[in-house]
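Coordinate analysis (summary)
This is what each chain is made of:
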Amino acid sequence: MATIESSLLNIGYLETLSYQQTPLHRLDPRAKLLTTLVFIIAVVSFGKYEITGLIPFMIYPVALIAVGNLPPGYLARKILLAAPFAFFIGIFNPLLDRAVLVQLGPVGLSGGWVSFASIMIRFTLTVSAALILIASTGLNAVCLALERLGAPTGFVVQLLFLYRYIFVLTDEALRLMRARSLRSFQGRGLGFKVFTYLIGQLLLRTLARAQRIHLAMRSRGFDGTIRLLRPLEFHLQDAVFFLGWSSLFLLLRWYNLPHQLGHLLTGLAP
Amino acid sequence: MSHHLVEVKDLEYAYPDGTKVLRGVSFRLTHGEAVAIVGANGAGKSTLLLQLNGCLWPQAGTVRIGDFPLNKGTLSYVRRTVGMVFQDPDDQLFMPRVYDDVAFGPLNLGLPPEEVEDRVMQALATVGAAHLKDRPPYRLSGGEKRAVAIAAVLSMSPAILVMDEPTSYLDPKTRRQLIELLKTFKHTRIIATHDLDMVLDLCSRTIVLKEGQVVADGPTLAILQNDELLHSSSLEKPLCLQGCPVCQGRKAPAD
């Protein structure tokens, strides 16, 4: 129960971060959204054994965290929270792909381990970029940017409603759990059967609330389209931010900078 | 102006499971009246309110708002005229920011952006919530949510305000501020509530519902002093009309 509560507070904290006033926060949400997309596409488009080519991409999250005054420790914890997903996607690679790819002195690294490491690096890069986007922009502004960029309105509205009511829903779930634990003793009443009742109850309450929300919307003239009134202005600095970072990503995508540097320093031909 | 008129005639309604909630409710309200609808839990108060702007449709009887009977054709007019404040502000504040929520109605009415801006800021100023405009609704306190929910309705400039339990969830001071605010409104106000002290402060007229029927309709003071009526409708005299235990020589509970 405590974990639900605290992780919820943590989502709220992500939102709080987006209220700051830094050069990063002041950028148009569209510029940040598009840059993040280019970044993610560039990162995931590498071959499966790529590691060195990915390293220079670290500059993007590091620079944004610095400029946007974001807490690196907090973001790292958020990334760790999602890490198991990537971990289980990649963990079987070392078992399936045993061909030795790199020889580091006496230790031979198999292709599986290399691709596993590559997955984890990609995961860290993409998730941190997404978290930074939210922490520097706020989910609502991201949705607005999505809508302005031509994403289907239905999808955007779903996302907005999800974000609006996830707090109400978890609150409701929390109250149910609390009510149960207050009247459960010695593990009795905490079983799976009661849990299924709770879930059913939550579903019914959610449906009832959805109905009330719908009525409230209809009462104020809702006719199927959500209209948002908020000016967005794309300034020069937004264009510079987007084009600058995007061209850097493309450069890093086509030229393996660590390789080139290594060759330059050791004087070996490629 | 005649569009402040609310007339309900022989209204009947049963929920789909067969529970009969309204059994022939009739009343007529005129311009600028503040009317309380009181009654026990399940007496039909909330159901009655939902009939007033076509959230529910009566199975028998009619609702008239202003010059028009309520039907599918007049629905959008009626919804513009009747502003409904729901009991749980979380149901009503569904947009990402307070500003968007207050702008929701006016934008749906198709008003031009400058007009919407004016109305939103004016409505927020009226309820004293202009400083909250960029906040997400889930971050507001109970009183702030209530104020914003009222602003969200005011921004459509309704002639009639319908409120379900406006003072629930509020601390005494916030409740008092809300009552003072509602007193300043010139709208026809229909308020369903259990807060009889507020009724005494705010409403000149009271309608008592019992098991889906109007059992009394008249001046608030007369109704709230009728012990027999109150008792039979599961109500109680407002505290400020009850004898003071100290100064009337009655035994104080502490003794």
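As the structure is a computational prediction, the values presented were derived from the model and not from experiment. (Residues numbered from 1 in each chain as written. Chains lettered and ligands numbered in written order. Predicted model: local features only at pLDDT ≥ 70, side-chain atom pairs only at ≥ 80, totals over all residues. Heavy atoms only, no water.)

Here we come to the pattern of salt bridges. All names here are of chain B. Within this structure, the stated rule accounts for 23 salt bridges over all chains. Note that Arg28 is salt-bridged to Glu7, the shortest N-O span being 3.5 Å. Highlighted residues: Arg28 in strand β2 (residues 20–29) and Glu7 in strand β1 (residues 6–14), separated in sequence by 21 residues. Take Arg28: its relative accessible area is 45%, and that puts it in the partly exposed class. Owing to a relative accessible area of 16%, Glu7 belongs among the buried residues under this scheme. Two residues, Lys183 and Glu180, come together in a salt bridge whose shortest N-O distance is 3.7 Å. Here Lys183 pairs with Glu180, and both are found in helix α7 (residues 172–184), just three residues apart, close to one helical turn. Looking at Lys183, the relative accessible area reads 38%, which means it is partly exposed. Relative accessible area serves as the criterion here: at 38%, Glu180 is assigned to the partly exposed category. (Salt bridge = Lys/Arg side-chain N within 4 Å of Asp/Glu carboxyl O. Helix = DSSP H or I, 4+ residues; strand = E, 2+ residues; numbered from the N terminus. Buried < 20%, exposed > 50% of the residue type's maximum accessible area, 1.4 Å probe, protein only.)

As a further point, take unusual backbone geometry. All names here are of chain B. Even without being a glycine, Glu165 presents a positive backbone phi close to 45°. By the element assignment, Glu165 lies in the loop between β7 (160–164) and α7. In this model, Tyr169 sits at a positive phi of 65°, which is unusual for a non-glycine residue. On the basis of relative accessible area, Tyr169 is assigned to the exposed category, the value being 59%.

With that settled, the discussion passes to the packing of aromatic side chains. All names here are of chain A. Applying the stated criterion to the full structure yields 19 aromatic pairs over all chains. Ring centres of Tyr13 and Tyr74 lie 4.7 Å apart, and the angle between their planes is 90°; this geometry places the pair in the edge-to-face category. Of the two residues, Tyr13 is situated in helix α1 (residues 2–17) and Tyr74 in helix α5 (residues 72–90); the sequence distance between them amounts to 61 residues. Classification of Tyr74 as buried rests on a relative accessible area of 5%. Taking the centre distance of 4.7 Å and the plane angle of 35° together, the rings of Phe39 and Tyr60 count as tilted. Taken together, the positions of Phe39 in helix α3 (residues 29–44) and Tyr60 in helix α4 (residues 59–67) put the pair 21 residues apart, joining distant regions of the chain. On the basis of relative accessible area, Phe39 is assigned to the buried category, the value being 0%. Judged by its relative accessible area of 2%, Tyr60 is buried. Three or more aromatic residues link up through ring pairs in this structure, and these residues are Phe39, Phe46, Phe57, Tyr60, Trp245 and Phe249. Above the plane of the ring of Tyr165 lies Arg164, whose end atom (NZ or CZ) is 4.7 Å from the centre. Above the face of the Phe46 ring, Arg253 is positioned so that its terminal group lies 4.3 Å from the ring centre. (Phe/Tyr/Trp six-rings, centres within 6.5 Å; stacked < 30°, edge-to-face > 60°. Lys NZ or Arg CZ within 6 Å of the ring centre and 35° of its normal.)

On to the sheet that holds β1(B). All names here are of chain B. A sheet is described by the order of its strands in space; here four strands give the open sequence β2-β1-β4-β5, paired in antiparallel fashion. The strands lining the two open edges of the sheet, one partner per strand, are β2 and β5 (68–69). For strand β4 (residues 60–65) and β5, the ladder comprises two bridges, and the chain directions are antiparallel. In the strand pairing of β5, Ile65 is matched with Phe68. (Pairing = 2+ DSSP bridges.)

Residue and element names in this part refer to chain B. Residues Val102, Val127 and Val148 are the most contacted members of the largest nonpolar core, which totals 47 residues. Ranked by residue count, the leading element in this core is helix α6 (residues 142–154), at eight residues. Residues Ala43, Met84, Met95 and Val162 belong to the second largest nonpolar core, which totals 45 residues. (Core = buried A, V, L, I, M, F, W, Y, C linked by side-chain atoms within 4.5 Å.)

A word on the packing of helix α7 (residues 111–137) of chain A against helix α8 (residues 139–148) of chain A. Between two packed helices, the angle of one axis relative to the other and the distance separating the axes together describe the packing. All names here are of chain A. Across the interface, α7 lies against α8 with an axial gap of 7 Å and an inter-helix angle of 105°. Between α7 and α8, the crossing angle belongs to the class labelled roughly perpendicular. Residues Leu133, Ile134 and Thr137 of α7 form the contact with α8, whose participating residues are Leu139, Ala141 and Val142. (Axes fitted to C-alpha atoms, helices over the stretch in contact; angles between N-to-C directions. Parallel < 35°, antiparallel > 145°, perpendicular 65-115°, else oblique. Contact = heavy atoms within 4.5 Å.)

By domain assignment, chain A separates into domain 1 (1–149 + 231–259) and domain 2 (152–228). The straight-line distance from the C-alpha centre of domain 1 of chain A to that of domain 2 of chain A is 31 Å. (Domains from an automatic or database assignment.)

The next thing to look at is the pairing of β1(B). All names here are of chain B. Bridging between β1 and β2 involves seven bridges; their strand directions are antiparallel. Paired with Ala14 across the bridge in β2 is Lys20. Where β1 folds back on β2, the antiparallel hairpin that results is connected by five residues, among which Gly18 adopts a positive phi of roughly 100°.

Let us look at the sheet that holds strand β10 (residues 213–219) of chain B. All names here are of chain B. The six strands lie next to each other as β6-β7-β8-β3-β9-β10, forming an open sheet whose pairing is mixed. Across the chains shown, the open sheet's two edge strands, defined by having one partner strand only, are β6 (82–85) and β10. Between one strand axis and the next, the sheet turns through 15° on average, direction left out of account. The pairing of β7 with strand β8 (residues 188–192) spans five bridges and is parallel. Each bridged residue has a counterpart across the sheet, and for Met163 the counterpart in β8 is Ile191.

On to α8(A), then. Residue and element names in this part refer to chain A. In terms of burial, α8 is a largely internal element, seven of the ten residues being buried. Of the positions making up α8, those classed as buried are Leu139, Asn140, Ala141, Val142, Cys143, Leu144 and Ala145. In the stretch just after α8, Gly150 is the one whose phi turns positive, near 100°.

Let's shift gears to the confidence of the model for chain B. Any residue range with low pLDDT should be treated as having predicted coordinates unsuitable for detailed reading. Per-residue confidence for chain B averages 88 on the pLDDT scale, and 96% of its residues sit at or above 70. Scored as a whole, the predicted complex attains pTM 0.75, and scored at its interfaces, ipTM 0.75. (pLDDT = per-residue confidence, 0-100.)

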